[in-house]
Amino acid sequence: MKKVFNTKRALKLFTAVVAASFTITAFQNCGSSGESSSASLDYTEAGETAVSPIKVEKTDRILHSRNVANALVQSLGVENSGNTNNLDPLYNAAISSQLLLSETGDYDSITGGQITIHANNLAELACERMVFYGERPLLTVVDGQVEDKRRFFKGLYIGDNAAQATPQVPLEDETRYRAAIKRLGRTLWGRDVEQAEEDLILSAASPILSDAKANRGFRAAVMTCTIMASTFDFMRQ
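How do you make sense of the nonpolar core when you look at a structure like this?
Proteins that are soluble and globular tend to have nonpolar side chains buried together. Judged by nonpolar contacts, the single largest core of 46 residues is most densely connected at Leu76, Phe153 and Tyr177. Ignoring any residue separated from it by four or fewer positions in sequence, one finds Phe153 in contact with Met130, Val131, Glu135, Asp148, Ile158, Tyr177, Ala180, Leu184, Ala221 and Thr224.

As structure tokens, this is what we get:
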């Protein structure tokens, strides 16, 4: 039987897409992060051993933004490794925000001031660090030989200088971007991303990838991560 896309879930994801678009298209430079944790939830490609997403029973309850920040750190592998990769901005933002989920978990009854803005701000901070410090250093190209140990954005250029993208590691590749979305989905949501969700996220990243800014690879990667890390699917317990 063909899987029917959940309309309410689509509305929640669309809200995250719109909010992330306002936040991320404005910034121009870098963020920070550390190495990722276990890659057991990675989306697998042809030739790799298939790994199912972790099935977790979640109980909706009040969730403070500091818990969301901790979940971001654990899921994305953001680590505090010293002054260069300092997590203080993330935790400070979490402490000062009003992010609080409803007792019932009903999206329409979520309480707290400007929930979407707070959720996106926390997600963006964590995603900037993950992409800049966690993903980018794990790609090396020596004498034309590519070694890509990244957890999420495998085979994609996510640096600051678009001129450095190559046919081997391009800025735009729909198949590779969809694979990155699947990997993020299994890690952040604990399930497979539905086709409609995948299309919506990709449609948000595409305008960034096709603009003229040199750091569009980095911004698109952060946008993709932020959308997925600020959804109710990620934040609910």
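What is the right way to read the pairing of strand E2 (residues 145–148) from this model?
Here is the key point about a regular strand: its side chains alternate between the two faces of the sheet. Both strand E1 (residues 139–142) and E2 contribute to a ladder of four bridges, which runs antiparallel. Looking across to E2, one finds that Thr140 is bridged to Glu147. The turn joining E1 and E2, which pair antiparallel and follow one another in sequence, is formed by two residues; a positive phi near 55° is taken by Asp143.

I would appreciate a short explanation of helix H2 (residues 65–76) in the present structure.
Since the α-helix packs 3.6 residues into each turn, any two residues three or four apart lie on the same face. In this model, H2 (twelve residues) spans 16 Å end to end at C-alpha, consistent with the 16 Å of a helix rising 1.5 Å per residue. Every buried residue belonging to H2 is among Ser65, Val68, Ala69, Leu72, Val73, Ser75 and Leu76, and all of these are buried. The secondary structure elements touched by the buried residues of H2 are helix H3 (88–96), helix H4 (115–135), helix H5 (174–188), helix H7 (216–229) and helix H8 (232–235). Following H2 by one or two positions, Gly77 has its phi on the positive side, about 75°.

Would you explain the pattern of salt bridges in this entry?
As a working rule, side chains carrying opposite charge can pair if their charged atoms are close by. Per the counting criterion, the structure on display carries twelve salt bridges. With its nearest N and O atoms 2.9 Å apart, the salt bridge here joins Arg150 to Asp148. Look at Arg150 and you get buried, because its relative accessible area is 1%. Owing to a relative accessible area of 24%, Asp148 belongs among the partly exposed residues under this scheme. When salt bridges with common partners are traced through the structure, they connect Glu174, Arg178, Lys182, Glu198 and Asp199 into a single cluster.

Teacher, can you tell me more about the packing of helix H6 (residues 195–209) against H7 here?
Any two packed helices are characterised by the angle at which their axes cross and by the distance between the axes. Contact geometry of H6 with H7 gives a least axis separation of 9 Å together with a crossing angle of 160°. Considered as vectors, H6 and H7 are oriented roughly antiparallel to each other. H7 is crossed by H6, and the crossing has right-handed handedness. Of the residues in H7, those in contact with Ile201, Ala204, Ala205, Ile208 and Leu209 of H6 are Arg216, Gly217, Arg219, Ala220, Met223, Thr224, Ile227 and Met228.

How should I be thinking about the state of the cysteines in this particular structure?
Here the structure, examined in full by the defined rule, presents one disulfide. Put simply, Cys127 and Cys225 are joined by a disulfide, and their sulfur atoms are 2.0 Å apart. Across the S-S bond linking Cys127 and Cys225, the dihedral sits near -70°, which makes this disulfide left-handed. Of this pair, Cys127 sits in helix H4 while Cys225 is found in helix H7, placing the two residues 98 residues apart along the sequence. You can call Cys127 buried: its relative accessible area is 0%. Exposure remark for Cys225: the relative accessible area of 0% places this residue in the buried category.

Help me understand the packing of aromatic side chains, please; the structure alone is not making it clear to me.
Aromatic ring pairs are reported here in terms of the distance separating the ring centres and the angle at which the planes meet. Taken as a whole and assessed by the stated rule, the structure comprises three aromatic pairs. For the ring pair Phe132 and Tyr133, a centre distance of 4.8 Å and an interplane angle of 80° mean the geometry is edge-to-face. A relative accessible area of 18% means that Phe132 is categorised as buried. On the numbers, 6.3 Å between centres and 85° between planes, the contact of Phe132 with Phe218 is edge-to-face. With Phe132 in helix H4 and Phe218 in helix H7, the pair connects residues that are 86 residues apart, well separated along the chain. On the accessibility criterion, Phe218 (0% relative accessible area) is buried. Cluster of aromatic residues (ring-pair linked, three or more members): Phe132, Tyr133 and Phe218.

Cut-offs used in this document
- Residues numbered from 1 in each chain as written.
- Predicted model: local features only at pLDDT ≥ 70, side-chain atom pairs only at ≥ 80, totals over all residues.
- Heavy atoms only, no water.
- Core = buried A, V, L, I, M, F, W, Y, C linked by side-chain atoms within 4.5 Å.
- Buried < 20%, exposed > 50% of the residue type's maximum accessible area, 1.4 Å probe, protein only.
- Contact = heavy atoms within 4.5 Å.
- Pairing = 2+ DSSP bridges.
- Helix = DSSP H or I, 4+ residues; strand = E, 2+ residues; numbered from the N terminus.
- Expected span 1.5 Å × (residues − 1).
- Salt bridge = Lys/Arg side-chain N within 4 Å of Asp/Glu carboxyl O.
- Axes fitted to C-alpha atoms, helices over the stretch in contact; angles between N-to-C directions.
- Parallel < 35°, antiparallel > 145°, perpendicular 65-115°, else oblique.
- Left-handed = near helix turned anticlockwise from the far one by under 90°.
- Disulfide = S-S within 2.5 Å.
- Phe/Tyr/Trp six-rings, centres within 6.5 Å; stacked < 30°, edge-to-face > 60°.

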